[in-house]
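# Survey of secondary and tertiary structure
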Amino acid sequence: MGSRYHDVYEGWRSAPERFWADAANEIDWFKSWDKVFDPDMGVYGRWFVGAECNACFNAIDRHVEGGRADQLALIHDSPITGTQRKFTYAELKREVAALAAVLLDRGVRKGDRVIIYMPMVAEAAFAMLACARIGAIHSVVFGGFAARELATRIDDAKPVAIISASCGIEPGRVVPYKPLLDGAIDMAKSKPATCIILQRPELECDLVPGRDIDYAEAVSSAKADGREAPCVPVAATDPLYVLYTSGTTGQPKGVVRDTGGHIVALKWSMKNQFGVDPGEVYWAASDVGWVVGHSYIVYAPLLHGCTTILFEGKPVGTPDAGTFWRVISEHKVAALFTAPTAFRAIKGQDPQGEFVRKYDLSGFRTLFLAGERADPETIKWAERLLGVPVIDHWWQTETGSPITNNPVGLGMLPVKYGSPSVPMPGYDVRILSDEGHPVERGKLGNVVVKLPLPPGCLPTLWNADQRFREAYLEEFPGYYKTADAGYVDDDGYLFIMARTDDIINVAGHRLSTGGMEEVIAEHPDVAECAVIGMADELKGQVPCGFVVLNAGVSRDPAEIEKEVVALVREKIGPVAAYRLTVTVKRLPKTRSGKILRGTMQKIADKEEWSMPATIDDPAILDEIGVALKAKGIGI
Ligand code: COA
Ligand code: AMP
């Protein structure tokens, strides 16, 4: 049978509001909308204006009331601690409603922000859903970020409460979270009134009297008293969450997600794009700190009545490269979503796929990859090994769900290696030249989306409408700038080639080289610096910093390089994966003083490069090549 994709996409194009109104019928509303879309509201318009709903109600309560009370809703599978916990929809409701009651006790109200800084434990999902239940706006901060990054987010979001844990667990080490949390609160100007701390047995922590409360004690006492907070109606246009993502500077962007449009878009995507049915098991092997975790560990699978898996482990080393296959067979996973880097890690350790043969994967239907470029070799390897379709799809924190995908639920289209396939309904994707003109088919250009963005995309940045306009809407009037470069082929397939800004993608994690440069520049011996993303077989890209030392510095550069590495780890966190600093005499620049980062990256990656016409002093590029060779790079 052919794919329904083209008909469905044309259906959306000819009547977008009818399309989204139909999709919205899959959601339970407390009050219906006055307008499906109001172009006069917000920065570029708002969806489902006048409607009222609750994301937690749609993710949990409606299933409890609708016959799924005893179905598993969430499985916490933690090979790193050797534990598993399972929660039915009814049990999930009890956990979430009790935690929501605790939040109310601590004065958290509709519209207040709550920061969640947690490892991959079930309570991280409970915390998100508890906020949604009472209309509080959650902001999850990834556990691999250091105290200063957390402090920046605290000062921007100004949370009334923070939910955190005593520690996270990485292979071979326990990561104490509490000193990071306390350090961040000390640094921040805005102080939360309450911290709710989950004590983990691997490392308990002290609680600050008057501010900190014990998560387990508070929730047990709410349960013992039979207190359950009800789901409050919120406006469809009210924020469900703010998720900070890397911008071009060290100040991250607070991506705002509205409630109504988001749950409509996610619900639609589960069946039509990911091809899963209610009752099936869906696993996104990511982290709740990233957008993939928000959308496809927590909200989408639950909105759809699936069982979701929250996995605390790594694709390799916990305990071996067979972990993913064990989880798939043990929990009967129908679809897995992860980043290509996870598969490169598995392939690196088990190229012949010996571990796969040990498990029954007969119920497994589709592998979805996103978050970074999926190299064709890895896709083909996974296809051969698993015997299922491997689907590359492309999106961003800003959009909340796929922009392009191969919609298996509508009938799969042919796979083109290297392409994340075709635009999903809601997205009119165009390729424009730097001057804003459409480019020919097959030619590289700026990937943009015609406004308005569909439901679920960011309506703005947190408290920063003007930054939103400047960052995304001003360069190409009438379009949203994705900051990705790519092209569309004759069959309408998109190919994403690179970012057009200084964002790099390290193991599927989005990082700002500008942010790293700001930190490195703080080192007292550094006069100037530039950070580039270098190709890496496992992580896709890794950062490499070039530093020019202040005149008169006589210390051993190797020592300073080590200090710079330590500084980035301390200020940004281990997630930056910053391990390499190269000391150089000068940085290559254009005559107007712009650092030629692109050319430096090509030299490091052994790509062909040509001498930029505007270069100030061509000899500097040779010096860069020599300095890299001395580190064994670019040879
Ligand atoms: N808390 C504290 N530290 C963390 C952390 C967390 N939640 N997450 C990662 N880190 C640390 C790691 O321990 C590592 O520290 P190290 O420098 O001391 O070794 C550092 O941050 C870098 O982490 P990462 O880039 O993830 O490298 P890794 O070697 O630990 O793992 C992969 C590499 C490929 C196995 C891993 O990145 C992975 O599984 N990625 C695929 C899934 C995914 O996360 N996708 C994200 C978006 S879909
Ligand atoms: P994030 O906001 O962290 O999801 O990162 C979004 C960015 O990751 C995109 O703008 C792309 O640069 C990159 N990206 C995500 N998915 C893909 C993909 N399938 N192919 C190529 N790049 C991708």
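Rules used throughout
Per-chain numbering applies: the sequence of each chain, read as written, is numbered from 1 onward. Note on labels: chains are lettered from A, ligands numbered from 1, in written order. For a predicted model such as this one, the threshold for reporting local features is a pLDDT of at least 70, and the threshold for listing and counting side-chain atom pairs is 80 or more; totals across whole chains, interfaces and linings nevertheless cover every residue. Hydrogens and waters are ignored; side-chain quantities use all the structure's heavy atoms. Helix numbers and strand numbers start at the N terminus; a helix is a DSSP run of H or I with at least 4 residues, a strand a run of E with at least 2. In this setup the radius of gyration rests on C-alpha atoms only. A globule is expected at 2.2 Å times the number of residues raised to 0.38. By the convention used here, residues are in contact when the closest approach between their heavy atoms is within 4.5 Å. Each accessible area is a Shrake-Rupley estimate made with a 1.4 Å probe; only the visible protein chains count as cover when residues are assessed. In this tally, Asp and Glu contribute negative charge and Lys and Arg positive charge; neither His nor the terminal groups of the chain are included. In plain terms, the charge of a residue is placed at NZ if it is Lys, CZ if Arg, CG if Asp and CD if Glu. Two strands make a pair as long as DSSP finds a minimum of two bridges between them. Angles shown run from 0 to 180 degrees and are taken between the N-to-C directions of axes, each axis being a line fitted to C-alpha atoms and, for helices, limited to the stretch in contact. One heavy atom within 4 Å of a molecule or strand makes the whole residue count as near it. Each residue is assigned to one class: nonpolar for Ala, Val, Leu, Ile, Met, Phe, Trp, Tyr, Cys and Pro, charged for Asp, Glu, Lys and Arg, and polar for all the others, Gly among them. Where each domain starts and ends comes from a domain assignment, either automatic or drawn from a database. In protein, a polar contact means a hydrogen-donor-capable atom and an acceptor-capable atom, both N or O and within 3.5 Å, with residues adjacent in sequence counting only if both atoms are side-chain atoms; elsewhere, any N or O pair within 3.5 Å suffices.

Counting its regular elements, the protein contains 18 helices and 31 strands. Computed over the C-alpha atoms, the radius of gyration of the protein is 24 Å, within 12% of the 26 Å expected from 2.2 N^0.38 for a compact globule of 635 residues. Its C-alpha atoms give the protein principal-axis dimensions of roughly 70 × 60 × 55 Å. For the protein, the share of sequence-separated contacts (at least 6 apart) that also reach a separation of at least 24 residues comes to 70%. Carbon and sulfur atoms provide 50% of the accessible area of the protein, an area that totals close to 24000 Å². Between the centroid of the 69 positive side chains of the protein and the centroid of its 83 negative side chains there is a distance of 0 Å.

One open sheet holds the 7 strands; their spatial order is 5-4-17-16-18-19-20, and the pairing between them is mixed. The open sheet terminates on both sides in strands that have one partner only, identified here as strand 5 (83-88) and strand 20 (390-392). Averaged over neighbouring strand pairs, the angle between their axes works out to 20° when direction is ignored. Here strand 16 (residues 281-284) runs beside strand 18 (residues 333-338); their pairing, made up of 4 bridges, is parallel. Residue Y282 lies in a different strand from strand 18, and its bridge partner there is A335. Of the strands in this sheet, strand 4 (72-78) and strand 5 touch helix 4 (residues 89-105), which is tilted by about 95° from strand 5.

Close to ligand 1 lie 24 residues, the nearest being E170, R173, K539, R569 and R579. Burial of ligand 1 by the protein chains amounts to 85% of its free accessible area of 940 Å². The residue inventory of the shell around ligand 1, partitioned by class, reads 11 nonpolar, 7 polar and 6 charged. Counting the residues that make up the shell around ligand 1, at least three belong to each of domain 1 (89-232) and domain 2 (507-630).

Another point: the sheet that holds strand 25 (residues 479-488). With antiparallel pairing, 4 strands are arranged side by side in an open sheet as 23-24-25-26. Lying at the two open borders of the sheet, with one neighbouring strand each, are strand 23 (429-432) and strand 26 (494-499). Within this sheet the neighbouring strands show an average axis-to-axis angle of 50°, counted without direction. Bridge count between strand 23 and strand 24 (residues 445-450): 4 bridges; the pairing is antiparallel. Note that in strand 24 the partner of L432 across the bridge is N446.

Taken together, 14 residues lie around ligand 2, and H393, T397, D484, R499 and R510 are the ones closest in. Here a nitrogen atom of ligand 2 and a backbone polar atom of G371 are 3.1 Å apart. With respect to ligand 2, the side chain of T397 contributes an N or O atom lying 2.5 Å from an oxygen atom. When isolated, ligand 2 has an accessible area of 490 Å², and the protein chains bury 92% of it. Partitioned by chemical class, the residues of the shell around ligand 2 number 3 nonpolar, 5 polar and 6 charged.

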